[in-house]
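Structure at a glance
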Amino acid sequence: PRRQWSLQDFEIGKPLGKGKFGRVYLAREVKSKYIVALKVIFKEQIEKYRLHHQLRREMEIQTGLRHPNVLRLYGWFHDNERIYLILEYAHGGELYRELRKSGYLSEKRAATYIASLAQALAYCHEKDVIHRDIKPENLLLDHEGRLKIADFGWSVQSRSKRHTMCGTLDYLAPEMVENKAHDYAVDNWTLGVLCYEFLYGVPPFEAESQTDTFRRIMKVDLSFPSTPQVSAEAKNLISRLLVKDSSKRLSLQKIMEHPWIMKNADFMDTCSKLQL
Ligand SMILES: CC[C@@H](NC(=O)c1cc2[nH]nc(NC(=O)c3ccc(N4CCN(C)CC4)cc3)c2s1)c1ccccc1
């Protein structure tokens, strides 16, 4: 039986990051000395924005997911004011920071991250989970540099209903921009956006205003800068993901078999190759 955790079970360390509704702290479970990340969410924030059903969904979803590229949620507890999520600690921090520091990533590193994401999403889709908010801020790195998808706050368990999104629009697929019912293929679109951003350092439809970004997404106004130098195979993969008709986007399986991925991705644990 799952034991009841409480704050007394943990020594709280430095703050790791903060999101809209809470903060994450480094923490150590006292008895086992096991290092975790403790996400603290304020109940009044959840009530104010009426997000308890979403938070419950995040907790149910992430608890049930077991994949090397999905951040583990070990358990949770609460007190009068706060809800605490006991999360896997990713030692490398946010992929976002690495991307901003180096400007853009090598084709090998970009392909490895896209392959890891495709495997993680294939696993999530098998479990009827659509993350829907895959962006660099939600991607973490562990001590081996392995990618971990975090923050399932926006994910949905089954075929999604209409939801308004907040935050950056750069990663929204056309069907989400049009607020149409959408399905798993939104995550495939997002892989195209991420692959572009990993290789060029900026998202493909970036614009001065949100309206212009909307317009560029709806038109799939995609162009490749002349620098940095990016291979034709990489551009081919991006062009086959950033397709308006969601049924025509490359499937996750086909992404993992794409020549650019096969040539550049470093499948660290070969077993993941067998999972294909
Ligand atoms: C993805 C956002 C989400 N975050 C999580 O759930 C998060 C869950 C989780 N587990 N481990 C983390 N690790 C870190 O945040 C981290 C940050 C910097 C680090 N380094 C700094 C540079 N140094 C050179 C190396 C070490 C190392 C680890 C995070 S964040 C969130 C959502 C709501 C509220 C707060 C946070």
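What comes next is a walk through the structure. (Residues numbered from 1 in each chain as written. Predicted model: local features only at pLDDT ≥ 70, side-chain atom pairs only at ≥ 80, totals over all residues. Heavy atoms only, no water.)

One open sheet holds the five strands; their spatial order is β1-β2-β3-β5-β4, and the pairing between them is antiparallel. The strands lining the two open edges of the sheet, one partner per strand, are β1 (10–18) and β4 (73–78). The mean inter-strand angle of the sheet, taken between neighbouring strand axes irrespective of direction, is 30°. One ladder, built from seven bridges, connects strand β3 (residues 35–42) with strand β5 (residues 82–88); its direction is antiparallel. Across the sheet, residue Phe 42 finds its bridge partner in β5, namely Arg 82. (Pairing = 2+ DSSP bridges. Helix = DSSP H or I, 4+ residues; strand = E, 2+ residues; numbered from the N terminus. Axes fitted to C-alpha atoms, helices over the stretch in contact; angles between N-to-C directions.)

With that settled, consider the sheet that holds strand β8 (residues 147–149). Within the open sheet, the three strands sit side by side as β6-β7-β8. Their pairing is antiparallel. Two strands close off the open sheet at either side, each with one partner strand: β6 (93–94) and β8. Pairing between strand β7 (residues 139–141) and β8: three bridges, direction antiparallel. If you follow Leu 139 over to β8, its bridge partner there is Ile 149. Here helix α4 (residues 107–126) sits on the sheet in contact with β7 and β8, set at roughly 40° to β8. (Contact = heavy atoms within 4.5 Å.)

On the secondary structure map, Val 70 appears in the loop between α2 (52–64) and β4. By relative accessible area, which is 0% here, Val 70 ends up buried. Sequence-distant contacts of Val 70, that is, excluding residues within four places in its chain, are made with Leu 65, Glu 88, Ala 120, Cys 124, Lys 148, Ile 149 and Phe 152. (Buried < 20%, exposed > 50% of the residue type's maximum accessible area, 1.4 Å probe, protein only.)

Turning next to the pattern of salt bridges. A full pass over the atoms with the stated rule returns 15 salt bridges. Put simply, Arg 100 and Glu 197 hold a salt bridge, and the shortest N to O gap is 3.0 Å. With Arg 100 in helix α3 (residues 95–102) and Glu 197 in helix α6 (residues 185–200), this residue pair connects regions lying 97 residues apart in the sequence. With a relative accessible area of 40%, Arg 100 lands in the partly exposed category. By relative accessible area, Glu 197 is classed as buried at 0%. Measuring nitrogen to oxygen at the nearest pair gives 3.0 Å for the salt bridge that ties Asp 245 to Lys 248. For Asp 245, a relative accessible area of 33% puts it in the partly exposed group. Residues participating in the shared-partner salt-bridge network are Asp 79, Glu 81 and Arg 82. (Salt bridge = Lys/Arg side-chain N within 4 Å of Asp/Glu carboxyl O.)

Position of Thr 213 relative to the elements: it lies in helix α7 (residues 210–219). Looking at Thr 213, the relative accessible area reads 5%, which means it is buried. For the pair formed by Thr 213 and Thr 168, sequence separation is 45 residues and the distance between their alpha carbons is 9.9 Å. Contact partners of Thr 213, with chain neighbours within four places excluded, come to Leu 169, Asp 170, Phe 205, Glu 206 and Ala 207.

If you walk through the whole model with that rule in mind, you get nine aromatic pairs. Where Phe 77 meets Tyr 84, the ring centres are 4.6 Å apart and the plane angle is 15°; that geometry is what we call stacked. Looking at Phe 77, the relative accessible area reads 5%, which means it is buried. Between Tyr 196 and Tyr 200 the ring centres are 4.7 Å apart and the planes differ by 40°, which places this aromatic pair in the tilted class. Placement of the pair is Tyr 196 and Tyr 200 together in helix α6, with a separation of four residues, close to one helical turn. Like Tyr 196, the residue Tyr 200 is buried in the burial classification. One aromatic cluster is present, built from ring pairs that chain together Trp 5, Phe 10, Phe 77 and Tyr 84. (Phe/Tyr/Trp six-rings, centres within 6.5 Å; stacked < 30°, edge-to-face > 60°.)

Time to look at the pairing of strand β2 (residues 22–29). Note that β1 and β2 share six bridges and pair antiparallel. Directly across from Gly 17, in β2, lies its bridge partner Val 24. The antiparallel pairing of β1 with β2 creates a hairpin that spans three residues between the two strands. By the bridge criterion, seven bridges tie β2 to β3 in an arrangement that is antiparallel. By the bridge assignment, Arg 28 is partnered in β3 with Ile 35.

Geometric descriptors of this kind do not, in isolation, establish any biological role.
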